[in-house]
Every structure is written in C-alpha cells, then in structure tokens.
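Topology and contacts: notes
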Amino acid sequence: MIRTTRKRLLVGLAAAGVLGVGIAAPTVALADDKSPGPSASTSTDRDGERQQRHADRQAEFADALAKELGVPADKVTAALEKLREQRQADRPERPQPPSTQDRQAALKERLDQAVKDGKLTQEQADAVLKAAEAGVFPGPGGMGHRGWHGQDGRPGE
C-alpha cells in the first residue's frame with residue numbers, strides 16, 4: 001500500500017511538473033519574440049528580468065521536486081526539459097497573422113465589392129479606407145487595438 005501511495009505521489013508530482021511547464025512554456029515563447037516593440041530597450045530589459053525570474057522559479061521547482069522524490073536535481077531538470085521539448089514539438093506552429101498590407105488589400109476588395117453592389121458610394125468607401133489607413137479602427141495595426149473589450153479589458157466599456 002505504501003508503494004502504491006508513493007507511485008501516486010510521484011505521478012501527481014510529475015503531472016504537476018508537466019502542468020507547470022505547460023503553463024510556463026507559452027510565457028517563455030512569448031518572451032523569446034525578437035520583434036521590437038514601441039519601446040524596445042525597456043521591453044528588452046523587462047523581458048530579460050522576466051526570463052530570469054522564470055528560470056529561477058523553474059530551478060526552485062526542480063530542486064523541490066528532486067528533494068521530494070529523492071533524486072538528483074540535474075536529473076529532474078533534464079526530465080523537465082525533455083518534457084518541455086516534447087510538448088513544444090507536439091504543438092502545431094501558430095499561423096502568422098496577415099500583414100497590414102494584406103489586411104488593407106482585403107478591405108479594399110470588400111469595399112470595392114460593396115460599391116459595385118450599390119451598398120456604398122465610392123466616397124464612403126474612400127473614407128473608410130482612409131480611416132483604416134490612419135489607424136482609426138480597433139484591431140491589429142490600428143491605434144485603437146483593444147480587441148473585443150474596452151480600454152481596460154472589461155466588456156462594454
């Protein structure tokens with residue numbers, strides 16, 4: 001019975017480790033993004049600090065798990081890294097969002113079709129296109145990028 005309990009404990013701890021890695025992996029993937037942001041220098045500093053904190057937490061987790069299991073910490077770290085790599089390999093590559101030029105070209109096509117169908121005048125279509133190019137509309141690439149929610153992320157504001 002003690003053996004079964006220990007096995008369950010090991011399986012539970014391993015599952016917790018995999019879950020922890022699964023939660024942390026997207027954070028690391030996002031932190032590894034090399035595209036410069038609006039303030040690349042401060043963003044890079046924060047990313048480096050965040051990566052360091054993440055690495056410290058992972059090391060603490062591996063040490064605690066190793067102590068609990070009674071195995072060397074480097075063995076646990078290697079096992080967690082192997083699981084992280086397997087999980088990363090199992091994930092499909094995220095598709096890249098269309099570029100700003102592609103989105104604007106698609107919008108122009110839709111507006112041209114609306115003019116052709118008589119739903120808009122050419123002046124209205126030109127105004128919508130000009131507003132989109134100026135970043136008036138919310139969404140990727142526009143100044144009002146807030147997604148589906150208001151400015152602070154709460155619905156309806």
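Residues numbered from 1 in each chain as written. Predicted model: local features only at pLDDT ≥ 70, side-chain atom pairs only at ≥ 80, totals over all residues. Heavy atoms only, no water.

**Quick notes on the overall build of the protein chain**
Assigned secondary structure in the protein chain consists of five helices and zero strands. Looking at the protein chain as a whole, 17% of its 157 residues qualify as buried. Here the contacts in the protein chain between residues at least 6 apart in sequence split such that 44% fall between residues at least 24 apart. For the protein chain, the exposed surface amounts to about 12,400 Å²; the carbon and sulfur share of it is 57%. (Helix = DSSP H or I, 4+ residues; strand = E, 2+ residues; numbered from the N terminus. Buried < 20%, exposed > 50% of the residue type's maximum accessible area, 1.4 Å probe, protein only. Contact = heavy atoms within 4.5 Å. Areas by Shrake-Rupley, 256 points an atom, 1.4 Å probe, with all protein chains shown as cover.)

**Some points on the nonpolar core**
Of all hydrophobic cores here, the largest spans six residues; its members are A62, L65, A66, L69, V76 and L80. Mapped by element, the contributors of at least two residues to this core are α2 (40-69) and α3 (73-90). The residues contacting A66, other than those within four sequence positions of it, are V71, P72, A73 and V76. (Core = buried A, V, L, I, M, F, W, Y, C linked by side-chain atoms within 4.5 Å.)

**Quick notes on helix α5 (residues 122-133)**
Taking 1.5 Å per residue as the helical rise, α5 with its 12 residues ought to reach 16 Å, and the 16 Å between its terminal C-alpha atoms agrees with that figure. Along α5, the residues that are buried comprise A125, L129 and A131. Relative to the axis of α5, the buried residues are bounded by an arc of 160° and lie together on one face. Away from the buried face of α5 by more than 90 degrees, exposed residues E123 and K130 are located. On the buried face of α5, the contacting elements are α4 (100-116). Count one or two residues on from α5 and you reach G135, which has phi positive near 85°. (Expected span 1.5 Å × (residues − 1). Arc of directions from axis to C-beta.)

**Notes on the pattern of salt bridges**
Pairing between side chains of opposite charge can happen when their charged atoms approach one another. Under the definition given, this model contains three salt bridges. Close ionic contact of D47 with R50 constitutes a salt bridge, the shortest N to O distance being 3.5 Å. Of this pair, D47 and R50 both sit in helix α2, three residues apart, which is roughly one turn of that helix. (Salt bridge = Lys/Arg side-chain N within 4 Å of Asp/Glu carboxyl O.)

**Topic: the environment of A125**
Residue position: A125 is located in helix α5. Note: C-alpha distance between A125 and K108 (17 residues apart in sequence) is 8.2 Å. Every residue in contact with A125, bar those within four places of it in the chain, is listed here: L111, V115 and L120.

**Overview of the packing of α4 against α5**
In contact at an axis separation of 9 Å, α4 and α5 are set at 165° when each is read in the N-to-C sense. Taken together, the axis directions place α4 and α5 in an arrangement best described as roughly antiparallel. As for the relative orientation of α4 and α5, their crossing is right-handed in sense. Across from Q104, L107, K108, L111 and V115 in α4, the residues of α5 making contact are Q122, A125, V128, L129, A132 and E133. (Axes fitted to C-alpha atoms, helices over the stretch in contact; angles between N-to-C directions. Parallel < 35°, antiparallel > 145°, perpendicular 65-115°, else oblique. Left-handed = near helix turned anticlockwise from the far one by under 90°.)

**Digging into the confidence of the model for the protein chain**
For the protein chain, mean pLDDT is 76; residues scoring 70 or higher make up 66% of the total. Counting contacts from residues 142-157, a segment whose pLDDT is below 50, to residues more than four positions away or on other chains yields 19 contacts. (pLDDT = per-residue confidence, 0-100.)

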